[in-house]
Amino acid sequence: MAYQVLARKWRPKTFADLVGQEHVVKALQNALDEGRLHHAYLLTGTRGVGKTTIARILAKSLNCENAQHGEPCGVCESCTQIDAGRYVDLLEIDAASNTGIDNIREVLENAQYAPTAGKYKVYIIDEVHMLSKSAFNAMLKTLEEPPEHVKFILATTDPHKVPVTVLSRCLQFVLRNMTSQQVAEHLAHVLDSEKIAYEPAALQLLGRAAAGSMRDALSLLDQAIAMGSGSVAEQDVRQMIGAVDKQYLYELLTGIVNQDGAALTAKAQEMAACAVGFDNALGELAILLQQLALIQAVPSALAHDDPDSDILHRLAQTISGEQIQLYYQIAVHGKRDLSLAPDEYAGFMMTLLRMLAFAPLAAASCDANAVIENTELQSPSAQTAEKETAAKKPQPHPEAETAQTSVQTASAPAMPSENKVAESASAQENNDIPPWENAPNDAETVSDVPVQELAESIQTNSETTEANRPSANKAETSAENQVSKNEAADNETGASLSEVLSENSIQTTPNDEAVETEAFAHEAPAEPFYDYGFPDDGYPVEDGAEMPPPPDWEYAAPADAEEEEAEEEAEEENNDDEGSNDEDGTQFAPPPEFSTENWAAIVRHFARKLGAAQMLAQHAAWTQYDAGSHLMMLSLTDEARATTNKERLDKIRTTLAEAYGLPLKLQTEPWRDDAGWETPDMRRRRIQLEGRRQAQDLLEADETARRILQAFEAVWEPESLELAANRP
């Protein structure tokens, strides 16, 4: 008898013989047992995973005379004829060679006739995605409502090319790739049955080379048996499939551990001379590193009879877990980037040199409160100690130049400076206020002219001299706050001093800036300057973070700097008398009346307290309020629902409940376009649009503006128009 290849000889004949695909086998067996048979099945998966095999087993089970639990008996006439390929009621069609409508029409015409020998007439259409569009359309009706004695079993490697109208008429099963371990075990079973000697490591190589396909694995096994003259040896398989000799990998890892660049270069040149594929070499190196990591985590994972157990254990003990993880990542990235290298040898060498150059940032295990030396990894206690040391470091004061003479500030005593900075750090933790705004430093000034004599009573704050002030008004306020001790100075002298200080800005030397930066490296950054623009809807904001108010914020700073300066002076006097400040140093005005009409004003008023929930409130409409049950109903737009969560809704409820002293309950309802609701954001946009229209009407009514338009043949840009009254 002629030799039959292993892939055909060991094709499974029953569901029990199948390797993997348990999810498909279980469903088909249960359907056969209960008689819940579909009229069309679609089997999808890559090559060699069992699509045609399962189709034939299913055809045997449908026509078997003695089927048990969905398993064909294999001895009846139907089973034997199907195995031999002579069963008249089983038609296998290769759609790759029968793609036209004429071929499908012939099949459909014969489908109406009853089966000749069995219970069902089964049509197996392999590579069904190769059919033409007209052929698919021709079989739709029959595929949807076939005769009771007809069953269709379709198989394809590319289900995306099958029309959705066909997919919806079939019961689809997705076959999975087999793991290398499943393939190796099945190959061992085949070789044991064939009484052929083999090495287990060789089967593992074949299992990985098959890439999940059992047919590919059996074909490679046939080739390996022929190459080994009746046996399967690891060395022969490596040579056959181009796998890298493990001895190369062991020597490469040893050279990396010993930091021996010369040995790595020599070994790489030897591999290049032997025409070893560097892509495979990096893949095999990554597999070896994964094996070492597994041995470190689970020592029992390594088989006792493994011939390389000694060297694997030695490498696992020599290389730390952090190094293995780093080398694995470098090997994977090197394999990925190999196609971008000038040539494979250069890419392989650079990957090895990268393993030599980099080392993981880690240290030995230690106690929870211990400090890890020679690394940036530190315990929380060490970080706290570093913060305190940086906060207590004395800071040099900046040098200032006036219009008449240069005034140099001497360094302050160490202990008062330390106390001042420590107090400023604690104040910042409690009030979230930067230390340079509330904690002045001591300074000594040397002067000769009368104006400079007054400067002896000024406490120079080193932070007020920085060039990056959040805004100009804060810089002027800090300059005025420097007058502290000499209450006898009159207002005129103080004004002249302010002019001198403003005209002659204090310059900070680079050394001073470096010391100040180091001292406040662990402090919270200064509050950034906002242009009072409402953020985009998609801008990610963390809960609890403060957000800038919308453009129509009613407490925005006035444009006139003199009015702003006068208001701040009045607020400082009130703060000194009353001793109460809000978070921003500005007293809150009384909140608006609690009513639906004032919803936009309420959101503006509590914008900073709402924080991230302000975005939700801006896109929500207050629809109704029940005073009896204190139930507040909000309707959320699509923008609001995109950022909504329970924490932000609770933030809105608690903020309003505390402000108005009400036991509020908050509920939401769907948005209705016909209800006439308006969110604060909608109101802001409406006012802005009305202002633009009004501005355009005023400009169009102006004779001079019309002449300019005519002279330049220009038109107005509506989005650039804005009423002065609406500007923040």
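Residues numbered from 1 in each chain as written. Predicted model: local features only at pLDDT ≥ 70, side-chain atom pairs only at ≥ 80, totals over all residues. Heavy atoms only, no water.

Engineer: Got a minute to help me understand the overall build of the chain in this structure?
Structural biologist: The number of helices and strands found in the chain is 32 helices and 13 strands. In the chain, which comprises 728 residues, the share counted as buried stands at 39%. For the chain, restricting intrachain contacts to residue pairs at least 6 apart in sequence, the fraction spanning at least 24 positions comes to 70%. A total of about 40900 Å² of accessible surface is found on the chain, and carbon and sulfur atoms cover 49% of it. (Helix = DSSP H or I, 4+ residues; strand = E, 2+ residues; numbered from the N terminus. Buried < 20%, exposed > 50% of the residue type's maximum accessible area, 1.4 Å probe, protein only. Contact = heavy atoms within 4.5 Å. Areas by Shrake-Rupley, 256 points an atom, 1.4 Å probe, with all protein chains shown as cover.)

Engineer: Quick question: what am I supposed to make of the sheet that holds strand E3 (residues 121–126) here?
Structural biologist: Strand pairing within a sheet occurs via backbone hydrogen bonds; the two strands may be parallel or antiparallel. In spatial order, the strands read E2-E3-E4-E1-E5; together these five strands make up an open sheet with parallel pairing. Strands at the two margins of the open sheet, each flanked by one partner only, are strand E2 (90–94) and strand E5 (171–174). Adjacent strand axes in the sheet meet at a mean angle of 15 degrees, parallel and antiparallel pairs treated alike. Taken together, the six bridges between E3 and strand E4 (residues 150–156) define a ladder with parallel strand orientation. Its bridge partner being in E4, Lys-121 is matched across the sheet by Val-150. (Pairing = 2+ DSSP bridges. Axes fitted to C-alpha atoms, helices over the stretch in contact; angles between N-to-C directions.)

Engineer: What am I meant to see in unusual backbone geometry here?
Structural biologist: A negative phi angle characterises most non-glycine residues, just as the trans form characterises most peptide bonds. Despite not being glycine, Gln-21 has its phi angle at roughly 60 degrees, a positive value. Relative to the assigned elements, Gln-21 resides in the loop between helix H1 (6–9) and helix H2 (22–34). Judged by relative accessible area, Gln-21 falls into the buried class, the value being 5%. One non-glycine residue, Gln-259, adopts positive backbone phi at about 55 degrees. Looking at where Gln-259 falls in the secondary structure, it is placed in the loop between helix H12 (246–257) and helix H13 (261–273).

Engineer: So what exactly am I meant to see when it comes to the packing of helix H10 (residues 214–227) against helix H11 (residues 234–241) here?
Structural biologist: Packed helices, taken two at a time, are described by the angle between their axes plus the distance between the axes. One can describe the packing of H10 onto H11 by two numbers: an axis separation of 10 Å at closest approach and a directional angle of 120 degrees. When the axes of H10 and H11 are compared, the pair comes out oblique. The hand of the H10/H11 crossing is right-handed. Together, Leu-220, Gln-223, Ala-224 and Met-227 of H10 and Asp-236, Val-237, Gln-239 and Met-240 of H11 make up the contact between the two elements. (Parallel < 35°, antiparallel > 145°, perpendicular 65-115°, else oblique. Left-handed = near helix turned anticlockwise from the far one by under 90°.)

Engineer: Explain the pairing of E3 here, please?
Structural biologist: Regular strands place side chains that alternate from one sheet face to the opposite one. The buried fraction of E3 amounts to five of the six residues, a majority that puts the element mostly inside the structure. Judged from the five bridges that link them, E2 and E3 form a sheet pairing that is parallel. Counted as the bridge partner of Ile-93 is Ile-125 from E3. As for the winding sense of the linkage, the β-α-β connection from E2 through helix H5 (residues 101–111) to E3 is right-handed. Remark: the E3/helix H6 (residues 133–144)/E4 crossover connection has right-handed handedness. (Right-handed = clockwise from strand over helix to strand, strands pointing away.)

Engineer: What am I meant to see in the layout of surface pockets here?
Structural biologist: Rolled over the atoms, a probe with the dimensions of a water molecule shows which regions are left empty. If you add up the space inside the second largest pocket, you get close to 850 Å³. Considering the residues around the second largest pocket, the lining is formed by 33 residues, among which Ala-201, Gln-204, Lys-246, Gln-291 and Asp-306 are closest to the centre. When residues of the lining of the second largest pocket are traced back to their parent elements, those giving at least two are helix H8 (180–194), helix H9 (200–210), H11, H12 and helix H14 (278–297). No other element matches the seven residues that H14 contributes to the lining of the second largest pocket. When its residues are assigned to classes, the lining of the second largest pocket shows 18 nonpolar, five polar and ten charged. (1 Å grid on protein atoms, 1.4 Å probe; cavity = no way out; pocket = protein on both sides within 12 Å on 5 of 7 lines; lining within 4 Å. Points joined across faces, edges and corners; volume = space filled by probe spheres on them. Nonpolar A, V, L, I, M, F, W, Y, C, P; charged D, E, K, R; others polar.)

Engineer: Sorry, what's going on with the confidence of the model for the chain here?
Structural biologist: In low-pLDDT segments, the atomic positions of the prediction should not be examined closely. Looking at the chain as a whole, its pLDDT mean stands at 74, while 68% of the residues score no less than 70. Mean pLDDT across the elements of the chain bottoms out in strand E9 (residues 406–407) (38) and peaks in strand E1 (residues 40–44) (94). Residue range residues 551–564 is modelled with pLDDT below 50. Its contacts to residues more than four positions away, or to other chains, number 21 contacts. The low-confidence segment residues 569–587 (pLDDT under 50) makes 18 contacts with residues lying over four places distant or belonging to another chain. (pLDDT = per-residue confidence, 0-100.)

Engineer: Explanation requested: the environment of Met-130 in the structure shown.
Structural biologist: Note that Met-130 resides in the loop between E3 and H6. Residue class for Met-130 comes out partly exposed when judged on its relative accessible area of 40%. Considered as a pair, Met-130 and Gly-100 are 30 residues apart in the sequence and their alpha carbons are 9.6 Å apart. If near-sequence neighbours (up to four positions away) are discounted, Met-130 is found in contact with Ala-95, Ala-96 and Thr-99.

Engineer: Before we go on, may I ask you to explain the pattern of salt bridges in this structure?
Structural biologist: Once their charged atoms are close, side chains differing in charge can pair, the charge on each being opposite to the other. Taken as a whole and judged by the stated rule, the model has 21 salt bridges. Shared partners join several salt bridges into a network, and the residues in it are Glu-251, Lys-267 and Glu-270. (Salt bridge = Lys/Arg side-chain N within 4 Å of Asp/Glu carboxyl O.)

Engineer: What am I meant to see in the side chain of Thr-655 here?
Structural biologist: Structurally, Thr-655 can be placed in helix H30 (residues 646–660). Contact partners of Thr-655, with chain neighbours within four places excluded, come to Phe-606, Lys-609 and Leu-610.

Engineer: Is there a simple way to think about the packing of aromatic side chains in this case?
Structural biologist: This model, assessed by the stated rule, comprises eleven aromatic pairs. Both rings, one in Phe-594 and one in Tyr-660, keep their centres 4.8 Å apart while their planes meet at 50 degrees; by these two values the pair is tilted. Here Tyr-660 lies in helix H30 and Phe-594 lies in the loop between helix H25 (561–578) and helix H26 (599–605), a separation of 66 residues in the sequence. Each member of the pair, Phe-594 together with Tyr-660, is buried. Plain terms: the ring middles of Trp-599 and Trp-622 are 5.9 Å apart, the flat faces sit at 75 degrees to each other, and that makes the pair edge-to-face. Within this pair, whereas Trp-599 is found in helix H26, its partner Trp-622 is found in strand E11 (residues 620–626), the two being separated by 23 residues in sequence. Here Trp-599 falls in the buried class, since its relative accessible area comes to 4%. Using a relative accessible area of 7% as the deciding quantity, one classes Trp-622 as buried. An aromatic cluster is built from Phe-594, Trp-599, Phe-606, Trp-622, Tyr-625 and Tyr-660, whose rings are joined through pairwise contacts. (Phe/Tyr/Trp six-rings, centres within 6.5 Å; stacked < 30°, edge-to-face > 60°.)

Engineer: Can you help me understand the environment of Arg-692 in this one?
Structural biologist: Along the polypeptide, Arg-692 turns up in helix H31 (residues 680–701). Note on Arg-692: relative accessible area 23%, which makes it partly exposed. Through-space distance from the C-alpha of Arg-692 to that of Ser-720 is 8.2 Å; in sequence the pair is 28 residues apart. Among all residues touching Arg-692, those that are not within four sequence positions of it are Pro-718, Glu-719 and Leu-721.

Engineer: Got a minute to help me understand a negative patch on the surface in this structure?
Structural biologist: Taken together, the side chains of Asp-638, Glu-639, Asp-673 and Asp-674 make up a negatively charged region of the molecular surface. Mapped onto the elements of the fold, Asp-674 is located in the loop between strand E13 (665–669) and H31. (Patch = residues over 30% accessible without salt bridge, like charges linked within 9 Å, V, L, I, M, F, W, Y side chains within 5 Å. Lys, Arg positive; Asp, Glu negative; His and termini not counted. Charge placed at Lys NZ, Arg CZ, Asp CG, Glu CD.)

Engineer: Sorry, what's going on with the sheet that holds E11 here?
Structural biologist: Read across the open sheet, the three strands follow the order E11-E12-E13; overall the sheet is mixed. Of all the strands in the sheet, the pair left with one neighbour each is E11 and E13. The sheet shows a mean angle of 25 degrees between the axes of neighbouring strands, direction not considered. With six bridges connecting them, E11 and strand E12 (residues 631–636) associate as antiparallel partners. Residue Gln-624 lies in a different strand from E12, and its bridge partner there is Met-633. H30 contacts E12 and E13 of the sheet and is inclined by roughly 135 degrees relative to E13.

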